[in-house]
Amino acid sequence: MIRPACEEQPPLVLVVDDDEDVRTAISELMLSVGIEAECCASTRDLIESPLLDRAGCLVLDVRMPGASGLDLQQHLASAGISKPIVFLTGHGDIPMSVQAMKAGAGDFLTKPVWDQTLLDAVTAGIESDIAERANAQIVHEQVERYATLTPRESQVMREVALGRLNKQIAYDLGITEITVKLHRSNVMRKMQAASVGELIRAWEKLPAEVREPAPA
């Protein structure tokens, strides 16, 4: 079973298909290789499920009564929910596949599909979600640390990350080089960076809107 390093719960595959036989078959296939699966008969059932918060991926039928799998993909995107999607349908066509892939689908498979092909797509989706969640956690931690910096420390961190020397930073900010070194030391401690390289990587992890230069 695939287990994310930063999650206590194992990954979960959410299967959405209006055909009960298909749901059962996919669920049993996932369980046969140790992957937990839950099934929904409609997109509404999935939207109302708390299981969307779990690491994993979605296996969606495209054409269903009511909202389609493509509708669900758009709904999740507009809600800021990023989760890999494997579309599985017996009615797929090229334009639909292109639309799904452009919107971020991990794969688009047509029924009938080989078990291993589906398992490979699901495994890739799970691994992608785990990696994305791990990266998001790192970004969150860096943003929290960055928030503890004073405005001047933020300026110094930015300048250091841009490769500026202490004397250059001192001149630009109108402070002494000793003061720059003090701020730099505080930045390294607060950002938990053991080297300039780590500090630069921490800076690069910050969202663009956070990295805007602090006012003088």
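Quantities reported herein were computed from a predicted structural model and do not represent experimental measurements.

Before going further, it helps to examine unusual backbone geometry. A cis amide bond, omega -5°, links Lys 111 with the succeeding residue Pro 112. Tracing the backbone shows Pro 112 in the loop between strand 5 (107–110) and helix 5 (115–146). For Gln 192, which is not glycine, the phi torsion reads 55° and is therefore positive. With respect to the helices and strands, the residue Gln 192 is situated in the loop between helix 8 (177–190) and helix 9 (196–205). Its relative accessible area of 54% is what places Gln 192 among the exposed residues.

Moving on: helix 1 (residues 20–32). The periodicity of an α-helix, 3.6 residues per turn, causes residues three or four places apart in sequence to face the same way. Look at helix 1: 18 Å from first C-alpha to last across 13 residues, which is about the 18 Å you get at 1.5 Å a residue. Of all the residues in helix 1, the buried ones are Val 22, Arg 23, Ile 26, Ser 27, Leu 29 and Met 30. Down the axis of helix 1, the smallest arc covering the buried residues is 160°, so these residues share one side. Exposed and oriented more than 90 degrees from the buried face of helix 1 are Glu 20, Asp 21, Glu 28, Leu 31 and Ser 32.

The next thing to look at is the confidence of the model for the chain. Overall, the prediction assigns the chain a mean pLDDT of 86, with 87% of residues at 70 or greater. Mean pLDDT values over the elements of the chain span from 65, in helix 4 (residues 94–102), up to 96, in helix 8. This model gives residues 1–7 a pLDDT under 50, and the stretch forms 16 contacts once residues within four places in sequence are excluded.

Taken together, the 5 strands give an open sheet; going across it, the order is 2-1-3-4-5, and neighbouring strands pair in parallel fashion. Because the sheet does not close on itself, it has two edges, and the strands there are strand 2 (36–40) and strand 5. For this sheet, the mean inter-axis angle between neighbouring strands, taken without regard to orientation, is 20°. Looking at chain direction, strand 1 (residues 12–16) and strand 2 are connected through 5 bridges and run parallel. Pairing of Leu 14 across the sheet is with Glu 38, part of strand 2. Lying over the sheet, helix 5 contacts strand 1, strand 3 (56–60), strand 4 (85–89) and strand 5, oriented at roughly 140° with respect to strand 3.

Further remarks concern the side chain of Arg 54. In this structure, Arg 54 sits in the loop between helix 2 (43–47) and strand 3. You can call Arg 54 buried: its relative accessible area is 10%. Sequence-distant contacts of Arg 54, that is, excluding residues within four places in its chain, are made with Gln 9, Pro 10, Pro 11, Leu 12, Glu 36, Lys 83, Asp 129 and Arg 133.

So, how was this worked out
- Residues numbered from 1 in each chain as written.
- Predicted model: local features only at pLDDT ≥ 70, side-chain atom pairs only at ≥ 80, totals over all residues.
- Heavy atoms only, no water.
- Helix = DSSP H or I, 4+ residues; strand = E, 2+ residues; numbered from the N terminus.
- Buried < 20%, exposed > 50% of the residue type's maximum accessible area, 1.4 Å probe, protein only.
- Expected span 1.5 Å × (residues − 1).
- Arc of directions from axis to C-beta.
- pLDDT = per-residue confidence, 0-100.
- Contact = heavy atoms within 4.5 Å.
- Pairing = 2+ DSSP bridges.
- Axes fitted to C-alpha atoms, helices over the stretch in contact; angles between N-to-C directions.

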